[in-house]
Structures are given as structure tokens and as C-alpha cells.
Amino acid sequence: MKDDGFGAGHEWEELLQEAIGEVISRIQSSQGQTIDVDTVLGGTFTNTVMLMLFGYRLPYEEVQQMEETMTIAMQQSPPLDPCIFLPAIVNTLFFPRKFIDRIKKFSDYVQKCIEDKVESKQNLEQKKFIKGYFQKIQENSRMELGNSFTDDSLLRNTRTLMFGSRTKVKALHWLLVAMAEYPEKQLKVHQELDAVLGKDHVLNRYADRTSVPYTFAAVLESMRWKTMMYLNALRVFSEDTTLQGYKIAKGTLLVTNFWAVHNDTRYWKDPELFEPERFLTADKKSVIFKQDSFIPLSVGRRDCAGKLMAISGMLLYFAAIMQKFKVLPEEEGITVKEQCIGANCTAVSRSIGKVKTKGVRLRFIARD
């Protein structure tokens, strides 16, 4: 992934700038009217990941359909997959067949994309992720290493990267909601961006995050404030061990509760509040990035493969939007609440006796 420019690399960041430009144009076209945030952000980040993986973008209508499939799959995915404990229930009437059908549809699509790249030698040479993975598969097969580089693991990793693009968009929803709900925090972001970037410059490199500590802290705090994936994917202990006095046998399944850690009052005062200052040093000039109680993107040595993609993408998108716009709520009497559906939590607008389940609507006012 590093060789292919993913994460905090120039190629990835340059592609992000193209996507961000599209988002800015969509917001400008709303002329300050209420718009659906998903409509604004939809497709841009997913298409950037598609370009890095496969070398092409999808038409807007097609990427919308794919994102809808990913969203529904996440909503219908149970927080803990019962198939792991009772695999036989997959073939019963009690298991959500729509979830299985959605996952299969999405997996088939990703598999076809991979096969198309393999058949096209020219494209395979251009995009090192698919090429490098296949080289590893072939190399390990010759050497009989027997590790995890297989056709199936390529499909799973590619699918995970694409699913992660959708989670990142949902996280951006909450970050923009925080700006609308906490105008005093939004003002601090605006003041910092104005002082550092002015109107003529843009934040186009993740490496420049140190120049905008409050803006970066707001990104990190949003990931704590509204934990997108509240339970981790399962891990398995590879050997007998002892953890804080507890004896744990080899083969034991481990589930990490991200939400519980991010809302534990032993580590975070008033965790329900959005406070970017939690991630700043006492002099407010630097960001405290690595905190034991901050685990939005999994834990351990094998945490989220797309971690840098997510954080760098959120920062660059957020800075570009806030540099040009003031974010306001949809209207008086409507608040945004958390709705946990399936394996993730999403934002929905609530009015009296009504829930808008299709997402969040905000107003973006051009700044002078």
C-alpha cells in the first residue's frame, strides 16, 4: 500500500484534491440552501479509492448504487457475527438473508474488478496494489510459505478498503454536524485556517497537519465523540496468555468495545461533549495523537489497514470545506441524533415525531 501511494503519500493526496474540488463545487451550487450531506460527499472518496485500486473512476450513478449497497450491508450486519459461533444458522430462516445477498453482490462486484485488472496486463503494471498482491501470492505458492497471501485474502482486503471509504464519509457527517452544533468550536477552526492558510492557500498535504493543530484535533475528537464502529472485528488469541490477571486460553475470541473506551469517564471528562481541546497540549500548539484511550481504528499491530487513508482524507476534506463555508443546522427544531443500526452508528435528523433516516441535512454559507 505504501508503494502504491495510499495514505499520507503525494499520489493519494493529489487524487484527494480532485475529489475535494468536486465536493466544493456541489456545495457552492446549493447557494446556502439546505442540502443532504451524503449527496455532497457521496461517491467522491469511494471513487478515489477505486482509482488507486483499479485505475479508473465509476460514473456517479454507479458509485451511488455501490455506496447504497455498502451502507445497507453495514446496517444489516449484526455487531457480533453469530455465524462465527453458530455457522449452521446461515441456512435457517432466522438469519437476515438480505445481509447475505448484499455482501455477495458487493463481493461479486469487487471480484470482477480484480479479474478485469488481472486480464489487462497494462493496467496491472500501472497499479501496484493488485500487481504486488498477485506477485506475493505466486511467490509464496512457489516457496510453499503457506501464509495469508491468497486470492481470498486479496478479495477480503480490497473489499475492506472499499467498505472503509463509506465509513469515512459517515465520520465526516459527524464532524460537520459538530461544527453546526458547536459554533464556538467552528469559530476556532475558521480562525486557525484563516491565520495559517488565508484565502489563497489550501491544506493539501497530511504532513502539514502540525500547522493547524486545532483543526486536526477537531478531526480526532469527532472520531472519539461519535465512534463509527463501536465493536471491533473479532481477534483470536494465538497462544495461552495472561492479561491483567486473567488467564486466557489459545483460540479465545476477543472483541474490543471501542465505544466503551471512548465514553469512559476515567479517561474522558464529560465524554458526551465535543471538545477538540482534549487532543491539544497545554500550550494549544501541538496535537496529542497517540492516547491509549483513543482507538477509533482498531487496536494492536494489525489495526485498520486504511488508517492513514481515513485520517488524512478527513483532515484534507474538512479543512477545504471549513476554509470556504460556515456550517449551520438545517433549521430550528431539528436536531441530529445517533442511530445505531447493525454494525455502525450513523447520524439522522430528528424533528417532532419524525425521523429522517436517509441522513443529515445542513446549510453551507459561503464565507466572505
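See above for the structure.
In short, a report on the structure. On a predicted model such as this, the values are computed, not experimentally measured, just so you know. (Residues numbered from 1 in each chain as written. Predicted model: local features only at pLDDT ≥ 70, side-chain atom pairs only at ≥ 80, totals over all residues. Heavy atoms only, no water.)

## Structural notes on the environment of K307
Considering the arrangement of structural elements, one finds K307 in helix α13 (residues 307-324). Classification of K307 as partly exposed rests on a relative accessible area of 29%. Considered as a pair, K307 and L161 are 146 residues apart in the sequence and their alpha carbons are 9.9 Å apart. (Helix = DSSP H or I, 4+ residues; strand = E, 2+ residues; numbered from the N terminus. Buried < 20%, exposed > 50% of the residue type's maximum accessible area, 1.4 Å probe, protein only.)

## A word on the pairing of strand β10 (residues 361-366)
Pairing analysis gives two bridges linking strand β1 (residues 35-36) to β10, with the strands arranged antiparallel. Each residue of the ladder has a partner; that of I35, found in β10, is L362. Note: strand β6 (residues 325-329) against β10, five bridges, orientation antiparallel. Within the sheet, the bridge partner assigned to K326 lies in β10 and is I365. (Pairing = 2+ DSSP bridges.)

## Some remarks on α13
The periodicity of an α-helix, 3.6 residues per turn, causes residues three or four positions apart to be oriented the same way. The end-to-end C-alpha separation of α13 is 26 Å, in line with the 26 Å expected for 18 residues at 1.5 Å each. Burial runs high along α13: 15 of the 18 residues are buried. (Expected span 1.5 Å × (residues − 1).)

## As for the sheet that holds β10
In space, the three strands of this open sheet follow the order β1-β10-β6, with antiparallel pairing throughout. Strands at the two margins of the open sheet, each flanked by one partner only, are β1 and β6. Together, β1, β6 and β10 form the strand contacts of helix α1 (residues 10-30), whose direction differs from that of β6 by roughly 60°. Across the face of the sheet, α13 comes into contact with β6 and β10 while running at roughly 90° to β6. (Contact = heavy atoms within 4.5 Å. Axes fitted to C-alpha atoms, helices over the stretch in contact; angles between N-to-C directions.)

## Examining the packing of helix α3 (residues 44-54) against α13
One way to put it is that α3 packs onto α13 with a least axis distance of 12 Å and a crossing angle of 135°. On the basis of their axis angle, the class for α3 and α13 is oblique. Regarding α3 and α13, the two cross each other, and that crossing is right-handed. The segment α3 lies against α13, with T44, F45 and V49 engaging M309, G313 and Y317. In terms of residue class, the contact of α3 with α13 is made up of four nonpolar, two polar and no charged. (Parallel < 35°, antiparallel > 145°, perpendicular 65-115°, else oblique. Left-handed = near helix turned anticlockwise from the far one by under 90°. Nonpolar A, V, L, I, M, F, W, Y, C, P; charged D, E, K, R; others polar.)

## Brief notes about the packing of α1 against α3
For the pair α1 and α3, the least separation of the axes is 9 Å and the interaxial angle reads 150°. Put simply, α1 runs roughly antiparallel to α3. Where α1 crosses over α3, the two elements pack in a sense that is right-handed. Counting all contacts with α1, which are made through E11, W12, L15, L16, A19, E22, V23 and R26, the residues of α3 involved are T44, F45, T48, V49, L51 and M52. Taken together, the residues that form the contact of α1 with α3 break down as nine nonpolar, two polar and three charged.

Just geometry here; none of it tells us what the structure is for.
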